[in-house]
Amino acid sequence: MDTEKIQRKIDEHEIVFFDVFGTLIKRTVPEGKNVFRLVENLYDKNFSAKSDFSNKRIEAEKTAREKCTYREVNLDEIYEFLDTDTATAGILKKMELDAEAAVCIANEPLYRVFQYCLQEHKPIYIVSDMYLSSEQIENILQINGYHGYKRIYSSCDVRLTKWENGDLYKKIIQDEKLDREKILHIGNDQNADYKKAKKQGIDAFLIPEEKNFGRYYQRSNKNFTYQCMELFIGNKMLGQDNLAYELGFEVFGPILYGFTRWLLQQCEQLNLKKLFFFSRDGYLLKNSFDLMQTDIATTYFYISRKAVITPILQFDSSFQDILKHYKSWNKTFSWKYVFARFNIPDNLYEPILKKLGIDSQTEITLNDLLRSEEAKNVFAQLMPFLRINSRDQLLFLKRYMNEENFSGTLGIIDMGAGCSIEFALNELLKQTDISVTPYYLYVHAALENTDYRKKYLDSGLGNPRFNAMLRFCYMFLEIILAAPHGTVSGYTENDSRIKPVLENNEYEIPFKSTTEAQYIEILQKGALDFVQQFQQRLGKYMDFKEADALTGFKKFGITPLPEDIRLWGNFQILLDGYTNLINSPTHSSYLWHPLIFFKDMLNNVWPSGFFLKYISCRPAMNFLFDIYLMSKYH
């Protein structure tokens, strides 16, 4: 929308009229009558009823217009004809007004135009053809930050309309003693806001009638909740110029909100009153859950695979048993990497390796390590340290649990994936009375057959498309769930309390002017703002399904837009050293070497981003994903 053009038009006039719905205010429902559907959903849920309110409300308005002699009816008159008793009608009318206020949000470009009028000291009048009174409309405007206008004229108050002959304009001019030649009316209806204004000698500016959706809107998804959510996103993102924030709000916000709603429902079903969000994946998840303002106690619990594996090493009889505590290993890794996983200091293992003629940077595989006599020898010499450190860390961890009231029946919250923290933690809890129920964002398909383990997203064989999609964009789940601190390597005592020992945050990259951590902070703020704002506005009206939460992420994961590829392509993550999400090409011409191209694509952390960076064809990427899906699951 060309707001500068509107402002130039305003400069030519002394007085400005604004229409409301579709102009100053946008509704986050596909049609205005969908507000009745929201009321019906909430009423039926709260009162265990089947009210058919939406149809009855439409019929009541139709009857009121037929039987009343006024040019416009008001809400009270409509409810007089609602097919229900007086008490129920009163409840439903209040719910409708609440729902109307919930779906109405400021139209950002017109909000700026409105502020420009105030800045230029232009008298503003609000003009609406509506069954809502001026007082009811004022409530909606003020909720959305509109202040400073002279007066609101609603057709149901004065019983005159814009749309018939423009009589409402005539009434305002007479009442306010205005010069019609000095007035500009701004609205979105070609008949009521343009033609009839012109008929009354008022200049008019017609703004486009358009619906605003998010950048990753999926037109084929006709689900009502999804359509409302996308209109909410699209209208909220008007004028937003930070792509990281926008991606967080649109793509990751719905996933975070869906998980949070699901977790709250799980707690209500099991009457859980105590949740522990494991660092670091639980950082954003806890912040989101706390926005729900429940009576459930939440704790951010500093823990990691390393911090919980170290205390149980004392019970192992061989170095093979020690190594198997970690469920995932890189294809190859260095000796230094092995010892770092078990908190063994350099000054202990380096002399031993030196005597054996081994460089700590030498790469090795897990299978070779398990069969290695040298490894057996090294760990045998390190075992005294491992046992002492393990016993110390076990005492610290038990004290930390006591200090944080990690006891009784509780829920633990984490991203999930391989669930390695949970496996190690269960070893420690075998001899206690602590009952733990894990709640995960998702878990690997191989772990899905565990009834006690609760997961929000189905990444198993029952949802092959999501499982396959993770191959193309999994790292973004790691990025969005990153915490502003490093991993927990263990525990120590400080001022008679147990404190976590934190490693460096890998996203605070010292050689970059804008760190990856700053991008993550903006991304997370967008996601959390979505959770808070959507819950406040529409949360109680919506039955939010996993499919609604995932639609944007699926589209972004497989076919990211060019601007997002440019923003995130050089984002660095720590794997075997720092690497970009999209690496540089390994060949000067992929055109003549397509197999090299596909090999490079699959070797990238973000395969779909790599593909679309060099072949800007989203249908081709969709086709390639479908081929991958069929090859993997058929």
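Here the structure is a predicted model, which is why all the values come from computation and not from measurement.

Draft legend 1. Quick peek at unusual backbone geometry. At the junction of Ser279 and Arg280, the peptide bond is cis and its omega measures out at 0 degrees in the coordinates. Looking at where Arg280 falls in the secondary structure, it is placed in the loop between strand 8 (274-278) and helix 13 (282-290). Non-glycine residue Lys177 carries a positive phi angle of around 55 degrees. One can find Lys177 in the loop between helix 9 (167-176) and strand 6 (183-187). At Asp495, a position not held by glycine, the phi torsion is positive, near 55 degrees. Of note, Asp495 is situated in the loop between strand 15 (488-494) and strand 16 (497-502). According to the relative accessible area criterion, Asp495 is exposed, its value standing at 71%.

Draft legend 2. Here's a closer look at the packing of helix 13 against helix 23 (residues 516-537). At a minimum axis distance of 10 Å, the contact between helix 13 and helix 23 shows a crossing angle of 30 degrees. Between helix 13 and helix 23, the angle falls in the class roughly parallel. In this structure, the crossing between helix 13 and helix 23 has a hand that is right-handed. Note on element contacts: helix 23 touches helix 13 through Gln524, Leu528 and Val531, opposite Tyr283, Leu284, Asn287 and Ser288. When the residues that make up the contact of helix 13 with helix 23 are grouped by side-chain class, the tally is four nonpolar, three polar and no charged.

Draft legend 3. Seen up close, a nonpolar patch on the surface. On the surface, Phe623, Ile627 and Met630 cluster together to form a nonpolar patch covering roughly 320 Å² of accessible area. Tracing the backbone shows Phe623 in helix 28 (residues 618-633).

Draft legend 4. Fine view of the side chain of Asn580. In this fold, Asn580 is placed in strand 18 (residues 577-580). Within the structure, the side chain of Asn580 is placed 3.2 Å from the side chain of Gln572, a separation counted as a polar contact. Not counting chain neighbours up to four residues away, the residues in contact with Asn580 comprise Gly569, Asn570, Phe571, Gln572 and Val605.

Draft legend 5. Seen up close, helix 12 (residues 243-270). Spanning 28 residues, helix 12 covers 39 Å between terminal C-alpha atoms, matching the ideal 40 Å at 1.5 Å per step. Largest kink in helix 12: about 50 degrees, centred on Phe252, with the proline Pro254 one to four residues after it. In this structure Asn242 caps helix 12, since a side-chain oxygen of it lies 3.1 Å from the backbone nitrogen of Ala244.

Draft legend 6. Structural detail: the packing of aromatic side chains. Throughout the structure, instances matching the rule amount to 58 aromatic pairs. A ring pair is formed by Phe213 and Tyr217, whose centres lie 3.9 Å apart and whose planes are at 5 degrees; its orientation type is stacked. Take Phe213: its relative accessible area is 24%, and that puts it in the partly exposed class. Overall, Tyr217 belongs to the buried group, its relative accessible area being 10%. Aromatic side chains Phe259 and Tyr456 sit 6.2 Å apart centroid to centroid with 75 degrees between the ring planes, which places their arrangement in the edge-to-face category. Highlighted residues: Phe259 in helix 12 and Tyr456 in strand 14 (residues 454-457), separated in sequence by 197 residues. Each member of the pair Phe259 and Tyr456 is classed as buried. Aromatic rings pair up to connect Phe319, Tyr326, Trp329, Phe333, Trp335, Tyr337, Phe339, Phe342, Tyr349 and Phe379 into one cluster. Just above the ring of Tyr131 sits the side chain of Arg57; from NZ or CZ to the centre is 5.0 Å. Positioned over the ring face of Trp329 is Arg341, at 4.5 Å from the centre of the ring.

Basis of the calculations
- Residue indices begin from 1 for each chain and proceed along its sequence in written order.
- Only residues with pLDDT of 70 or above have their local features reported here, since the model is predicted, and side-chain atom pairs are shown and tallied only from 80 upward, although totals for entire chains, interfaces and linings are computed over all residues.
- Hydrogens are left out, water is left out, and the side-chain values use all remaining heavy atoms of the structure.
- Each helix corresponds to a stretch of at least 4 residues labelled H or I by DSSP, and each strand to a stretch of at least 2 residues labelled E; elements are numbered beginning at the N terminus.
- Throughout, exposure labels follow a simple rule: accessible area from a 1.4 Å probe, protein chains only, divided by the maximum for the residue type, with under 20% read as buried, over 50% as exposed, and the rest as partly exposed.
- Only the stretch in contact is used when a helix axis is fitted, and all axes are lines through C-alpha atoms; the angle between N-to-C directions ranges over 0 to 180 degrees.
- Every angle not falling under 35 degrees, over 145, or within 65 to 115 is termed oblique; those three ranges are roughly parallel, roughly antiparallel and roughly perpendicular.
- If you view the pair so one helix is near and one far, a crossing is left-handed when the near helix is turned anticlockwise from the far one by less than a right angle, and right-handed when it is turned clockwise.
- In what follows, a contact means two residues having at least one pair of non-hydrogen atoms within 4.5 Å.
- Side-chain classes are defined by residue name, with Ala, Val, Leu, Ile, Met, Phe, Trp, Tyr, Cys and Pro counting as nonpolar, Asp, Glu, Lys and Arg as charged, and the others, Gly among them, as polar.
- Candidates for patches are residues over 30% relative accessible area with no salt bridge; among them, like charges are joined within 9 Å and nonpolar side chains (Val, Leu, Ile, Met, Phe, Trp, Tyr) within 5 Å.
- Each accessible area is a Shrake-Rupley estimate made with a 1.4 Å probe; only the visible protein chains count as cover when residues are assessed.
- For this analysis, a salt bridge means a side-chain nitrogen from Lys or Arg found within 4 Å of a carboxyl oxygen belonging to Asp or Glu.
- Under this definition, polar contacts are N or O atom pairs within 3.5 Å; protein pairs additionally need one hydrogen-donor-capable and one acceptor-capable atom, and for neighbouring residues in sequence, both atoms have to be side-chain atoms.
- To estimate the expected span of a helix, subtract one from its residue number and multiply by 1.5 Å.
- Bend is the name given here to the angle between axes fitted to two runs of seven residues, the run ending at a residue and the run starting at it.
- To pair, rings of Phe, Tyr and Trp, with the six-membered ring standing in for Trp, must have centres within 6.5 Å; the planes then decide the type, stacked if under 30 degrees apart, edge-to-face if over 60, and tilted in the middle.
- Geometrically, a charge over a ring is one whose NZ (Lys) or CZ (Arg) sits within 6 Å of the ring centre while staying within 35 degrees of the ring normal.

Any functional reading would require information beyond the geometric quantities listed.
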